[in-house]
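The primary structure of each chain is shown beneath.
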Amino acid sequence: MAVKSSSGGGAGAKPYKPLSMSAKEYQAFAKAREPARSVWANALRAFLTGGLICLIGQGIQQFFMAAFGMTAKQAGSPTVAVLILVSVILTCLGVYDKIAQWAGAGTAVPVTGFANSMASAAIEHRSEGLVLGTGGNMFKLAGSVIVFGVVAAFVIGIIHWLIGVWS
Amino acid sequence: MMQYLWAFLIGGGICVIGQLLFDVAKLTPAHTMSLLVVVGAIVDGLGWYDPLIKFAGAGATVPITSFGNSLVHGALTELQRDGWIGVITGIFEVTSAGISAAIIFSFLAALVVKPKG
């Protein structure tokens with residue numbers, strides 16, 4: 001299916017120019033046209049947003065400690081649950097993704113980003129059905145985090161067990 | 001008040017590490033998150049995550065690294081209580097609240113909300 005080159009073209013037709021760029025040339029070409037994104041600006045945005053989310057988390061935790069007399073450790077789980085609920089609501093409203101575009105890792109790294117990835121996958125695949133769509137795809141993005149976390153925890157647990165057995 | 005300051009600084013700092021992994025190391029978000037979770041798990045395996053939580057509060061418990069920390073924490077707690085089988089049974093002990101909440105709220109969201117665009 002090689003394209004017949006310009007030789008067959010009528011008069012005035014642009015001569016067919018084969019793709020002459022090598023991969024290297026293309027990369028240089030594409031790089032020059034990429035929007036310039038400063039690493040520093042991105043890092044600053046991530047710092048401010050991520051810090052703010054943790055600050056809010058600290059506030060919620062202090063509230064649980066003050067209102068229900070919980071220890072910092074006991075307050076951890078309800079704090080995370082509240083943050084997840086807020087994140088899912090913001091995802092439903094389409095707000096979280098807008099913030100995320102500005103904040104980058106600042107919204108992805110906190111636990112709210114984990115919830116956002118699950119909620120958006122659950123909503124996005126809803127049209128394929130509750131079981132195959134929502135149920136099957138909810139962990140599409142979050143799954144790798146759980147898999148690697150669990151495997152790492154297992155290996156570390158086994159190492160601790162072996163240390164305990166030997167010592 | 002200091003607790004809020006440290007939560008902001010440490011939490012923000014962990015997010016900066018994630019951003020640098022995006023921009024400088026050119027990792028995908030999935031790779032970055034997986035890496036951070038494993039790092040959190042290793043740090044807790046060495047016994048350093050608890051001091052960080054004492055120091056930074058939510059700055060250490062809200063980022064995803066804390067998920068790795070909680071997985072290891074559950075495994076080690078039940079390891080001490082029940083022996084080697086605890087490593088398997090204990091992994092989700094502490095993280096149950098986070099994962100369950102995320103599943104339940106996300107499912108309810110999918111029932112109610114229509115996808116946008």
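Residues numbered from 1 in each chain as written. Chains lettered and ligands numbered in written order. Predicted model: local features only at pLDDT ≥ 70, side-chain atom pairs only at ≥ 80, totals over all residues.

## Notes on the overall build of chain A
Move 1: Each helix and strand counted, chain A has 8 helices and 0 strands in total.
Move 2: Listed N to C, the secondary structure of chain A is α-α-α-α-α-α-α-α in terms of helices and strands.
Move 3: Taking all 167 residues of chain A together, the buried fraction comes to 38%.
Move 4: Here the contacts in chain A between residues at least 6 apart in sequence split such that 48% fall between residues at least 24 apart. (Helix = DSSP H or I, 4+ residues; strand = E, 2+ residues; numbered from the N terminus. Buried ≥ 20, exposed ≤ 12 C-beta atoms within 10 Å, placed from the backbone. Contact = placed C-beta atoms within 7 Å.)

## Thoughts on the packing of helix α8 (residues 142-166) of chain A against helix α5 (residues 65-82) of chain B
Move 1: Where α8 of chain A meets α5 of chain B, the closest approach of the two axes is 9 Å, and the angle between their N-to-C directions is 35 degrees. Classified by chirality, the crossing of α5 of chain B by α8 of chain A is right-handed. Contacts between α8 of chain A and α5 of chain B involve Val145, Gly149, Val150, Ala152, Ala153, Ile156, Gly157, His160 and Trp161 of chain A from the first element and Phe67, Gly68, Leu71, Val72, Ala75, Leu76 and Leu79 of chain B from the second.
Move 2: Grouping the amino acids of the contact of α8 of chain A with α5 of chain B by side-chain chemistry returns 12 nonpolar, 4 polar and no charged. (Axes fitted to C-alpha atoms, helices over the stretch in contact; angles between N-to-C directions. Left-handed = near helix turned anticlockwise from the far one by under 90°. Nonpolar A, V, L, I, M, F, W, Y, C, P; charged D, E, K, R; others polar.)

## With respect to the interface of chain B and chain A
Move 1: If you look at the interface, chain B gives 57 residues, while chain A gives 59 residues.
Move 2: Elements represented by at least two residues in the side of chain B that touches chain A include exactly α1 (2-23), α2 (29-45), α4 (58-61), α5 and α7 (96-112) of chain B.
Move 3: For the side of chain B that touches chain A, the leading source of residues is α1 of chain B, giving 16 residues.
Move 4: In the side of chain B that touches chain A, the residues fall into 41 nonpolar, 14 polar and 2 charged.

## Comments concerning helix α3 (residues 49-56) of chain B
All names here are of chain B.
Move 1: Within α3, burial applies to Tyr49, Leu52 and Ala56. Here the buried residues of α3 occupy an arc of 55 degrees about the axis, which is enough to place them on one side. Turned more than 90 degrees away from the buried face of α3, the exposed residues are Pro51 and Lys54.
Move 2: The inward-facing, buried residues of α3 contact α1, α2, α4 and α5.
Move 3: Trailing α3 by a residue or two, glycine 57 shows a phi angle of about 55 degrees, which is positive. (Arc of directions from axis to C-beta.)

## Looking at the packing of α2 of chain B against α5 of chain B
All names here are of chain B.
Move 1: Put simply, α2 and α5 touch, their axes get as near as 6 Å, and they point 45 degrees apart. With respect to α5, the axis of α2 lies oblique. Along this stretch, α2 crosses α5, giving a crossing that reads as right-handed. Taken together, the residues of α5 that come into contact with α2 (itself represented by Leu36, Val37, Val38, Val39, Gly40, Ala41, Val43, Asp44 and Gly45) are Thr65, Ser66, Phe67, Gly68, Asn69, Leu71, Val72 and His73. (Parallel < 35°, antiparallel > 145°, perpendicular 65-115°, else oblique.)

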